[in-house]
Amino acid sequence: KDPKLEISYLSIAKTMDDGSTLDVRVMLSSIERGAAVASTFTLYVVGLGLLVAVIWAISFSRKFTEPLIQMNGIARNIAELDFTKKCETRQADELGQLGCSINELSDRLSAALDDLKSKNALLEKELEHERQLDRMRKEFVANVSHELRTPISIIQGYADGLKMNIAADETKRNYYSDIIMDEADRM
């Protein structure tokens, strides 16, 4: 330390072969300034390096997460029976293969659902045809039943009349018998 100037030095003294002394002095303030600059420079370099590393990590992770997020959305659409969206895979790795598999699954499910819908529509038509045939059968039975009641009632009435001997003479009995035969033929 120089007492007159009040400056601190870093001093290195070396005795030479001829007996003289070599004294090298460097002010500590310049070393401290250099160290401060080096510390600041190191801090900026480390900060910049961290920033570049974070940006790289985010972009690298997006490369893997974007296809997964897209596949998740498509899987949700498939669960809601919407097969319109497809995975846009540009990768040849496992994620690309998974995207292709999801697209194939979507296509097959869509085809199966379309086939099921067409068969369901055909089944609905066949069921409606069966219902219509059942209604027609019931109407036919009701009509036949109605048409048979009248002649049977007439036959029964004239047969009862013959049994009770309402028709005493032969002409009336023949008349009743003819009506019974006509109604039986009509039935």
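Here we summarise the structure given alongside this text. (Residues numbered from 1 in each chain as written. Predicted model: local features only at pLDDT ≥ 70, side-chain atom pairs only at ≥ 80, totals over all residues. Heavy atoms only, no water.)

## Things to note about the pairing of strand β1 (residues 9-15)
Within β1, only zero of the seven residues are buried, which leaves it mostly out in the open. The pairing of β1 with strand β2 (residues 21-27) spans seven bridges and is antiparallel. Counterpart to lysine 14 in the pairing with β2 is leucine 22. Counted along the chain from β1 to the antiparallel partner β2, the turn is five residues long, and its residue glycine 19 has a positive phi close to 95 degrees. (Buried < 20%, exposed > 50% of the residue type's maximum accessible area, 1.4 Å probe, protein only. Helix = DSSP H or I, 4+ residues; strand = E, 2+ residues; numbered from the N terminus. Pairing = 2+ DSSP bridges.)

## Side note on helix α2 (residues 94-163)
With 70 residues, α2 ought to run about 104 Å at 1.5 Å a step, and its terminal C-alpha atoms sit 99 Å apart, in line with that. All of the buried residues along α2 are Leu95, Gly96, Gly99, Ile102, Asn103, Ser106, Pro151, Ile155 and Gly161. Packed against the buried residues of α2 are α1 (28-79) and α3 (170-186). Within two residues after α2, asparagine 165 carries a phi angle of roughly 60 degrees, on the positive side. (Expected span 1.5 Å × (residues − 1). Contact = heavy atoms within 4.5 Å.)

## Things to note about unusual backbone geometry
Positive phi, normally seen in glycine, also occurs at leucine 81, with a value near 65 degrees. Topologically, leucine 81 is positioned in the loop between α1 and α2. For leucine 81, a relative accessible area of 54% translates into the label exposed.

## Re the nonpolar core
Generally speaking, soluble globular proteins have nonpolar side chains that are buried together. Core analysis: the biggest nonpolar cluster contains seven residues, these being Met71, Ile74, Ile78, Phe83, Cys87, Leu95 and Ile102. Counting residues per element, the ones that place at least two in this core are α1 and α2. In terms of residues, this core owes the most to one element, α1, which gives three residues. Those residues in contact with isoleucine 102 that lie beyond four places of it in its chain are Met71, Ile74, Ile78 and Cys87. (Core = buried A, V, L, I, M, F, W, Y, C linked by side-chain atoms within 4.5 Å.)

## Thoughts on the state of the cysteines
The tally for this structure, following the rule as stated, stands at zero disulfides. Free cysteine: cysteine 87, not disulfide-bonded; nearest cysteine sulfur from cysteine 100 at 8.3 Å. The partly exposed category is assigned to cysteine 100, whose relative accessible area is 45%. (Disulfide = S-S within 2.5 Å.)

## Here we look at the layout of surface pockets
Approximately 190 Å³ is the volume found for the largest pocket. The wall of the largest pocket is formed by Arg62, Lys63, Glu66, Pro67, Gln70, Glu88, Thr89, Arg90 and Gln91. Residues that form the lining of the largest pocket fall into these classes: one nonpolar, three polar and five charged. (1 Å grid on protein atoms, 1.4 Å probe; cavity = no way out; pocket = protein on both sides within 12 Å on 5 of 7 lines; lining within 4 Å. Points joined across faces, edges and corners; volume = space filled by probe spheres on them. Nonpolar A, V, L, I, M, F, W, Y, C, P; charged D, E, K, R; others polar.)

## Regarding the pattern of salt bridges
Enumeration according to the criterion identifies eight salt bridges in this entry. For aspartate 134, the salt bridge goes to arginine 137, with nearest N and O atoms at 2.7 Å. Of this pair, aspartate 134 and arginine 137 both sit in helix α2, three residues apart, which is roughly one turn of the helix. Assessed through its relative accessible area of 29%, aspartate 134 is described here as partly exposed. Salt-bridge contacts for lysine 138 lead to aspartate 134; the nearest nitrogen and oxygen are separated by 3.5 Å. (Salt bridge = Lys/Arg side-chain N within 4 Å of Asp/Glu carboxyl O.)

## What about the packing of aromatic side chains?
The tally for this structure, following the rule as stated, stands at one aromatic pair. On the basis of an interplanar angle of 15 degrees and a centroid distance of 5.0 Å, the ring pair of tryptophan 56 and phenylalanine 60 is categorised as stacked. Separated by four residues within a single helix, tryptophan 56 and phenylalanine 60 lie in helix α1, roughly one turn from each other. Taking relative accessible area as the criterion, tryptophan 56 reaches 54% and is therefore assigned exposed. A relative accessible area of 39% places phenylalanine 60 in the partly exposed class. (Phe/Tyr/Trp six-rings, centres within 6.5 Å; stacked < 30°, edge-to-face > 60°.)

Function-wise, these values are silent; they only describe arrangement.
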